[in-house]
Amino acid sequence: MKRLITLLLSLCILHYALCIEMMADYRVIPLPRVIEQPQGGMPFVLDATVTVVTPDGDAAMQRNAQFLRDYVKQSTGIELSGVRGQGAPVQSPQAPLKGGVQSDTINSSPFRGLGGQRKFVLLADLEDDNSEAYRLSVNNGEVVIRGASPAAVFHGIMTLRKALPVGRCNQVLLPQVQIYDAPRFAYRGAHLDVCRHFFTIDEVKTFIDMLALHNINNFHWHLTDDQGWRIEIKKYPRLTQVGAWRDSTVIGRNPGKWDRTRHGGYYTQEEAREVVRYAAERHINVVPEIEMPGHTQAILASYPELGCTGGPYEVWTCWGVTPEVMCPGNDATMQLIKDVLNEVMDIFPSPIISIGGDECPKDRWKQCPKCQERIRTEGIKPKGKYTAEDQLQGYVTRFACKVVTDRGRSPEGWDEILECDVPSQAIVMSWRGEAGAIEGARRGNRVIQTPNSHMYFDYYQSRDMAAEPFAIGGYIPVEKVYSFDPVPAGFTPEQEKLVLGCQANMWTEYVSTFSHVQYMELPRMAALAEVQWTPVNLKDYQSFLSRVPHLLELYNLLGWNYARHLCGVSATYTPVPERKALKVELSSLQGNDIRYTLDGSEPTTASQQYAEPFFVTKDAVLRSRTLGTLGYPDRINTDTIRVNKATFCNIKLNTQPHPNYLFAGAPTLVDGLRGANSYRTGLWLGFCGNDLDATIDLGKVQKVRQVTFNVDVFQCDGVVDARGVEVYTSTDGKRFKLVAKQDYPEIVQSEEFVIKRHAADFKPVKARYVRVVVKSEKRLPAWHAFAGSPGFVFVDEIEVR
C-alpha cells in the first residue's frame, strides 16, 4: 500500500511539473504574414503577476484588455493581475522586418514609469495603410501589441490567444518574436440563415464568438424568408405576430410529408441591438438581410393584400422557391419596402444593407393587372433576353437601393441583381459560381465572392454521406474551401480592388439545431479564415493541416461541436492502367498509426499497419482508421471498390465535361469507386449541352456483353437523367460497330434526388475497345425552373461485363 501511495504521489508531482510551464506557438490559423524569432533570448514568462496596460481613457482598448485577460484565463487558468491605464506612450524606435515591415525594438518599453514589471501593452497607434494591421512584439519583459486601430489590436490578441497552449498551468513561456500581420481582404464574412430554422440570441452570440476566433469581421444575418420573418418591425406588427410562425415543416427534401409541429420565433428590436453591440465589441459588423421581392411568402401571410392574388397565404412549410412573391404593382408594397428598410437601418449601423434579390419567379406578375399597369406607367420594356417582368424586378431593386443609399449606406444583393441594372453603389454577392463577380467587376460594381462551389457550408463535407447528418446535398470538404481564391483568374489590378472579399453561407433547411450549425461550420471555418486573411503566396494546405490540431483543442475547450473528418484517415486513389490496379495512399492529420482491412471488417491493433502505398486489383471493402488521433474517438473510413473488365483501364474522353465538373477527368469513370448521391463529390463527371462520349481500352480482346453506368439526379438543380445510351465495340480501335442503343423517356416533374442505374445488354461480342455515348437532356421542359436550358447529366462508373 505504501508503494502504491508513493507511486501515485510521484505521478501527481510529475503531472504538476509538466503543467508548470508550457510553450506558446505562433504558427496559428490564420498564419501571420511575418514571424521572426531570434535565436536564443529569454522568453517572456506569462503568469499571474503580469499586468495589462492600455492608454488612459481609451474605452475600446480597455475592453480589448479585458478580452485578453479573459482569453488567457480561459486557455491556461492564469488570471492576469489587472488592467492599468497609463499616460501617453513613448514612441519606440523601430527596426525593419522582412519586406520593409517595421517592428518594435526588442527591449523598448512603450510606457514610462513601469520599471521592470512584466506586462502586456496594447496600443492603437500603428501607422499602416491597412487599418487592420498589427505588430506583436515579445521580449523577456513585455509583450506589445500595436495596431492601426482597436480592431487591429483585437486581431493581435486573437493571434496570442491561439498561440497559447490549452491546459491548466502556472506559467506559459512566450518565445521572443516579432510578428507583422494584416488581412488580404477587408470584407471577411460568414452568413447564418435563421429563417428556415430559428436560433436563440445566445446561439447567435456564440456564432459571433466563432467568427471572432477566426478573424471574420462581418456577420451576414439572414433575417427574412418564405419560411419565417425574424425581426420586429414596429410599423408592421403582423410580420412577427403571423410571419414569424409556421404551422409545420416539411420532412426531408419536400417528399409530401410534414412534421405538424409549430416552429418559429423572432428577435425584438432591442435583442437585435444587443447582438449588434455584442458583435461590435468583438469588432464585427452585422449585415442584416431583408429579402425582396422573392422569398417573401411570410410577408404575404402577414399582409395578403401585398400579393398579386390576395391570398390566402401561409408562412411556407416547404423548401425551395415559391411562386408567391410581392406585388410591385401595389403602391403599398413599395411603401412597406421603404418603411421596413428604414426601421432596419435604425437598428443596424452597418454600412452594408442586404436587400436579397435572388430567385424571384415572375409567373404571378405576368397575370397580375397591377403589375402590368406598373410596367406600362413606368415605361418598362424587355431588354435582350430579359422580359418586361424581369425588368420589373429591376424597378423594385432600384427602389430599394435608393432607400438604402439615401441613408448613406451601400445596398448589397445576390448576383441576380445584375439582371436589374442596379446602381454602381450596389455590392454584388456572387453565389452562382464566379460569373456574378466577373460581370459585376466588369460593370464597376464592388463584389463579394460566395460561390456555392466552395462557400456553401450547408453542403456535405464527406463523401461518406450515409454516415453524415442529413444535408441539402453537394460536397465541399475542408480542402476545397482552402483551395478557393476570391480573385478570379485574369482580373486586372483595378478589378482586383473591386473584390471586397468572400463569405461562407450557412443555409438551414436541413440544419435545425445549433450543434448541427457548428458541425457544418467547423473546421471549414478555419480554412475560410486563411482564404479571407492570408496572401495567396503564403497559403499551403499541408502547413494548414499541421496547425489544425491546436485549433481543435480550442474548440474542445469552448465546448463547440465540430466535424472530425480531418482527425481520421484521408485516402487518395489513383488508377494505374499498366498494372490494372488502384493505387491507395493513406494519411492522417498527425501521422498517427493507421490500420486497415480490405474485407470490410473493423480495423483493430491487430490489423494491417499502413506503411506505404499499396495496390488493389480485385473487389474490396477498404476500412481504415487511426489509433490515438488527438485522443478523439476514431472515425472509420470506408470505401467499396468494385472491379469489372473496364476498371483501372485506359479511357479517353471524346467529348469534354463542363469545366466546373471535370474533377480528376476520365479515370474517374473507371476507378472502381461508384459516386455517392451528390454530383459535387468529385466522383462524377458532368456534361451540359453535349453528350458523354468515352472510349475504354480493355487491354486485350475479350468477350463483352453488357455496359452499365450510373446517373446522379437532382432535378431542382437541372441535374437530370440521361436520355439514352449507345454502345460501340472494336477490336482495333479504328472500326467500331454499334451493338446497343437505348432511348430513355422524357423527364417528369418530381423532387427526385436519386441515383439512376442503367444497363445496356447485347449479344456477346469480342472486343478490346468499348465506346460509350450517354445522351444528355438538351432542353429542359417548360415546367422546370431552367426551362429551355440544357440539362446536366452526371455519370460515374462505367462498368463492362
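Sequence order sets the numbering: in each chain, residues are counted from 1 along the sequence as written. Under the rules for a predicted model, residues below a pLDDT of 70 receive no local features and side-chain atom pairs below 80 are neither given nor counted, while totals for whole chains, interfaces and linings still include all residues. Just so you know, side-chain values use all the structure's heavy atoms and leave hydrogens and water out.

## Topic: the environment of C368
Per the convention used, a helix needs a DSSP run of H or I reaching at least four residues, while a strand needs a run of E reaching at least two, with both numbered from the N terminus. In this fold, C368 is placed in the loop between α9 (363-367) and α10 (369-377). Each C-alpha atom of the pair C368 and C327 lies 8.2 Å from the other, and the pair is 41 residues apart in sequence. The contact criterion used is simple: two residues touch if any of their non-hydrogen atoms lie within 4.5 Å. Contact partners of C368, with chain neighbours within four places excluded, come to C308 and C327.

## What to know about the pairing of strand β22 (residues 427-430)
For a regular strand, side-chain orientation follows a simple rule: the groups alternate between the two sheet faces. Alternating positions in β22 separate into two faces, I427 and M429 on one and V428 and S430 on the other, with burial throughout. Relative to β22, strand β21 (residues 410-414) is paired through three bridges, and the arrangement is parallel. Bridge pairing in β22 links E412 to I427. Any two strands with at least two DSSP bridges between them are considered paired. Both β22 and strand β23 (residues 446-449) contribute to a ladder of four bridges, which runs parallel. Among the inter-strand pairings, M429 is bridged to a residue of β23, identified as I448. When the strands point away from the viewer and the path from the first strand over the helix to the second turns clockwise, the crossover is right-handed. Crossover connection from β22 via helix α12 (residues 435-443) to parallel β23: handedness right-handed. Exposed residues in this analysis have more than 50% of their type's maximum accessible area, buried residues have under 20%, and partly exposed residues fall in between, with area computed by a 1.4 Å probe over protein chains only.

## Some remarks on the side chain of H197
With respect to the helices and strands, H197 occurs in the loop between β13 (187-193) and α4 (201-213). Here T508 takes part through its backbone oxygen, which lies 2.7 Å from a polar atom of the side chain of H197. When neighbours within four sequence positions are excluded, H197 is seen to be in contact with R246, H263, W319, T508, E509, V511 and S512. Here a polar contact is recorded for every N or O atom pair within 3.5 Å, except that within protein the pair must consist of a potential hydrogen donor and a potential acceptor, and residues adjacent in sequence are included only if both atoms are side-chain atoms.

## Digging into the packing of aromatic side chains
Classification of ring pairs rests on two measures: the distance between centres of Phe, Tyr or Trp rings, Trp counted by its six-membered ring, which must be within 6.5 Å, and the angle between planes, read as stacked under 30 degrees, edge-to-face over 60 and tilted in between. Evaluated as defined, the whole model comprises 29 aromatic pairs. Arranged with centres 5.5 Å apart and planes meeting at 55°, the rings of Y555 and Y562 form a pair that is tilted. Here Y610 and F614 contribute two aromatic rings whose centre-to-centre distance is 6.3 Å and whose plane-to-plane angle is 65°, an arrangement assigned as edge-to-face. You can call Y610 buried: its relative accessible area is 16%. On the accessibility criterion, F614 (12% relative accessible area) is buried. By the ring-pair criterion, three or more aromatic residues cluster together here, those being F198, F207, F219, W221, Y267 and F348. Sitting over the face of the ring of Y278, R282 holds its NZ or CZ atom 3.6 Å from the ring centroid. Geometry around Y482 places K539 over its ring, the cationic atom sitting 4.8 Å from the centre. Two thresholds decide whether a charge sits over a ring: the Lys NZ or Arg CZ must be within 6 Å of the ring centre and within 35 degrees of the ring normal.

## Focus: the layout of surface pockets
Over the atoms rolls a probe the size of a water molecule, and its path tells where empty space is left. As defined here, a cavity is a set of points on a 1 Å grid over the protein atoms alone where a 1.4 Å probe fits but cannot get out. A pocket is an open set with protein on both sides within 12 Å along at least five of seven lines, and residues line them when an atom is within 4 Å of a point. Grid points are joined across faces, edges and corners, and a volume is the space filled by probe spheres set on the points. In this model, the second largest pocket occupies a volume close to 250 Å³. In this structure, the second largest pocket is lined by 13 residues; those nearest its centre are A186, Y187, N217, N218 and N285. Residues are grouped as follows: Ala, Val, Leu, Ile, Met, Phe, Trp, Tyr, Cys and Pro are nonpolar; Asp, Glu, Lys and Arg are charged; all remaining types, including Gly, are polar. The class makeup of the residues in the lining of the second largest pocket is six nonpolar, five polar and two charged.

## Observations concerning the sheet that holds β21
Read once around its circumference, the closed barrel built from eight strands follows the order β13-β14-β19-β20-β21-β22-β23-β24, with strand pairing classed as parallel. On average, adjacent strands in this sheet sit at an angle of 30° to one another, irrespective of strand direction. Note that strand β14 (residues 218-222) and strand β19 (residues 285-292) share five bridges and pair parallel. Along β19, the bridge assignment pairs N218 with N285. Between the N-to-C directions of two axes lies an angle of 0 to 180 degrees, each axis being a line fitted to C-alpha atoms and, for a helix, fitted only over the stretch in contact. Contacts between α12 and the sheet are confined to β22 and β23, with β23 contributing the most and set at about 165° to the helix.

## Quick word on the pattern of salt bridges
Here, a salt bridge means any side-chain nitrogen of Lys or Arg that lies within 4 Å of a carboxyl oxygen of Asp or Glu. One pass over the full model with this rule turns up 45 salt bridges. Taking the shortest distance from any N to any O, the salt bridge between R184 and D485 comes out at 3.1 Å. Of this pair, R184 sits in the loop between β12 (177-181) and β13 while D485 sits in the loop between α13 (478-483) and α14 (493-497), and the two are 301 residues apart along the sequence. Judged by its relative accessible area of 28%, D485 is partly exposed.

## Quick notes on helix α17 (residues 541-558)
Its 18 residues give α17 an end-to-end C-alpha distance of 25 Å, which sits within 8% of 26 Å, the value for a rise of 1.5 Å per residue. The bend reported for a residue corresponds to the angle between axes fitted to the seven residues ending at that residue and the seven starting there. At V548, α17 shows its largest kink, close to 35°, and the proline P549 lies no more than four residues downstream. Among the residues making up α17, those that are buried are Y541, S543, F544, L545, R547, V548, P549, L551, L552, L554, Y555 and L558. Elements in contact with the buried residues of α17: α2 (59-76), α3 (150-163), α4, α13 and α16 (524-533). Where α17 starts, the residue carrying a side-chain oxygen 3.3 Å from the main-chain nitrogen of Q542 turns out to be D540. One or two residues past the end of α17 sits G559, with phi positive at roughly 75°. For a helix, the expected span equals 1.5 Å multiplied by the residue count minus one.

## With respect to the side chain of R595
With respect to the element layout, R595 can be found in strand β27 (residues 593-597). A distance of 2.7 Å separates the side chain of R595 from the backbone oxygen of T605, its partner in a polar contact. Beyond its immediate chain neighbours, meaning those up to four positions away, R595 contacts P603, T604, T605, S607, Q608, Q609, R623, S624, R625 and L627.

## Side note on α2
The end-to-end C-alpha distance of α2, which contains 18 residues, comes to 26 Å, matching closely the 26 Å that a straight helix rising 1.5 Å per residue would cover. Within α2, the full set of buried residues consists of A60, M61, N64, A65, F67, L68, R69, Y71, V72, S75 and T76. The opening residue of α2 is D58, an N-cap whose side-chain oxygen sits 3.3 Å from the backbone nitrogen of A60. In the stretch just after α2, G77 is the one whose phi turns positive, near 85°.

## Details of the sheet that holds strand β26 (residues 581-588)
In a beta sheet, neighbouring strands are held together by backbone hydrogen bonds and run either parallel or antiparallel to one another. Judged by pairing direction, the sheet is antiparallel, and its three strands sit side by side in the order β25-β26-β29 without closing on themselves. Two strands close off the open sheet at either side, each with one partner strand: β25 (569-576) and β29 (614-616). Averaged over neighbouring strand pairs, the angle between their axes works out to 35° when direction is ignored. Alignment of β26 against β29, held across three bridges, turns out to be antiparallel. Directly across from L582, in β29, lies its bridge partner V616.

## Focus: the confidence of the model for the chain
Taken as a whole, the chain shows an average pLDDT of 92; of its residues, 93% reach a score of 70 or greater. Low pLDDT (under 50) marks residues 88-96, which in the prediction has 28 contacts with non-local residues, meaning those over four places away or in another chain. By definition, pLDDT measures how confident the predictor is in each residue, and it falls between 0 and 100.

## Quick notes on the packing of α16 against α17
Two elements in contact, α16 and α17, have axes separated by 10 Å at closest approach and are oriented at 125°. Classified by the angle between their axes, α16 and α17 sit oblique to one another. In this structure, the crossing between α16 and α17 has a hand that is right-handed. Contact with α16, carried on its side by A526, A527 and E530, involves F544, R547, L551 and Y555 of α17 and no other residues of that element. Of the residues that constitute the contact of α16 with α17, the class distribution is five nonpolar, no polar and two charged. Oblique is the label for any angle not covered by the other classes, which are roughly parallel (under 35 degrees), roughly antiparallel (over 145) and roughly perpendicular (65 to 115). The hand of a helix crossing depends on one turn: near helix anticlockwise from the far one by less than a right angle means left-handed, and clockwise means right-handed.

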